[in-house]
Amino acid sequence: IGENYQRLKVIHASATELTRIIDRESVDYIFTDPPYGSHIAYLDLSTMWNAWLGFDVNAQDKQVEVIEGGDLEKSRDDYARLLQDSLREMCQVLKWNGWLSIVFAHKDLSYWNVLIEAAQDAGFEYANTVVQESFQSSRHKRANPLSVLSGELILNLQKKRQPRRIQVGSGN
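We now turn to the structure provided with this report. Residue positions are given per chain, counted from 1 along the sequence in the order it is written. Note on the predicted model: pLDDT of at least 70 is required for a residue's local features to be given, and 80 or more for side-chain atom pairs to be given and counted; whole-chain, interface and lining totals, by contrast, use all residues. Each side-chain value is derived from all of the structure's non-hydrogen atoms; neither hydrogens nor water enter the calculation.

### Some points on the packing of helix α4 (residues 76–93) against helix α5 (residues 109–122)
Between α4 and α5, whose axes approach to 8 Å, the crossing angle comes to 40°. One way to sum up the angle between α4 and α5 is to call them oblique. Both α4 and α5 take part in a crossing whose hand is right-handed. Residues R76, Y79, A80, L83, Q84, L87, R88 and C91 of α4 lie in contact with α5, whose contacting residues are S110, Y111, V114, L115, E117, A118, A119, D121 and A122. Each residue is assigned to one class: nonpolar for Ala, Val, Leu, Ile, Met, Phe, Trp, Tyr, Cys and Pro, charged for Asp, Glu, Lys and Arg, and polar for all the others, Gly among them. Here the contact of α4 with α5 is built from residues that sort into 11 nonpolar, 2 polar and 4 charged. Axis definition: a line fitted to C-alpha atoms, limited for helices to the stretch in contact. Angles are taken between N-to-C directions and run from 0 to 180 degrees. The way it works is that DSSP assigns letters per residue, a run of H or I at least four long becomes a helix, a run of E at least two long becomes a strand, and they are numbered from the N terminus. Oblique is the label for any angle not covered by the other classes, which are roughly parallel (under 35 degrees), roughly antiparallel (over 145) and roughly perpendicular (65 to 115). Less than a right angle of anticlockwise turn of the near helix away from the far helix marks a crossing as left-handed, whereas a clockwise turn marks it as right-handed. Residue contacts are defined here by distance: any two heavy atoms, one from each residue, within 4.5 Å place the two residues in contact.

Take a look at the structure:
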């Protein structure tokens, strides 16, 4: 297999604490699909996955979950703060000029603004957004064709020493 072979390592940790487990400026690329506001409570839905991996979900995990609502009924401000903390940590572990791609699939534009502002505040420069079309409709999409998105957007951001900012709308 060769000396450059590295084993997969699954870690039970929060994105708000990446620098505790990953060296700073050691990552070339991050791809993430975070929760969007109160859209889906992933931690609440991951019981089987966590049990299969041998992870216990505890109160601390729920405290740092980046979500609006959920079991702890977090506010929109809680969501924005935790998203900001996560993006700041991602920026810390990325190498200079490293890339971050974030999947976005929320119909509420104000969450787009929260995401872009948080990424820029963390030190990222917005590069572009690409559409990832979905050619297979979900049962939810077929039942609600006018209110469920047909695909996802992927935001591409780069860690720069002097990032340029873009202005976002005030859809809050």
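Back to the text.
### Points about the sheet that holds strand β1 (residues 27–32)
Between any two strands, pairing holds if DSSP finds at least two bridges. On the basis of which strands lie adjacent, the open sheet formed by 4 strands has the order β1-β2-β4-β3 and mixed pairing. Each end of this open sheet is capped by a strand with a single partner; those strands are β1 and β3 (124–133). Neighbouring strand axes in the sheet, compared pairwise and without regard to direction, differ in orientation by 15° on average. The pairing of β1 with strand β2 (residues 94–104) spans 5 bridges and is classified as parallel.

### Here's the deal with the pattern of salt bridges
Two side chains with opposite charge may pair up if their charged atoms get near one another. In the sections that follow, a salt bridge refers to a side-chain nitrogen of Lys or Arg positioned within 4 Å of a carboxyl oxygen of Asp or Glu. Taken as a whole and assessed by the stated rule, the structure comprises 9 salt bridges. Two residues, R20 and E17, come together in a salt bridge whose shortest N-O distance is 2.8 Å. Exposure classes here rest on a 1.4 Å probe applied to the protein chains alone. A residue is buried below 20% of its type maximum, exposed above 50%, and partly exposed in between. By relative accessible area, R20 is classed as exposed at 65%. D85 is paired through a salt bridge with R88; the nearest N and O atoms lie 3.3 Å apart. Placement of the pair is D85 and R88 together in helix α4, with a separation of 3 residues, close to one helical turn. Judged by its relative accessible area of 23%, D85 falls in the partly exposed class. A network of salt bridges, in which partner residues are shared, links D78, R81, D85 and R88.

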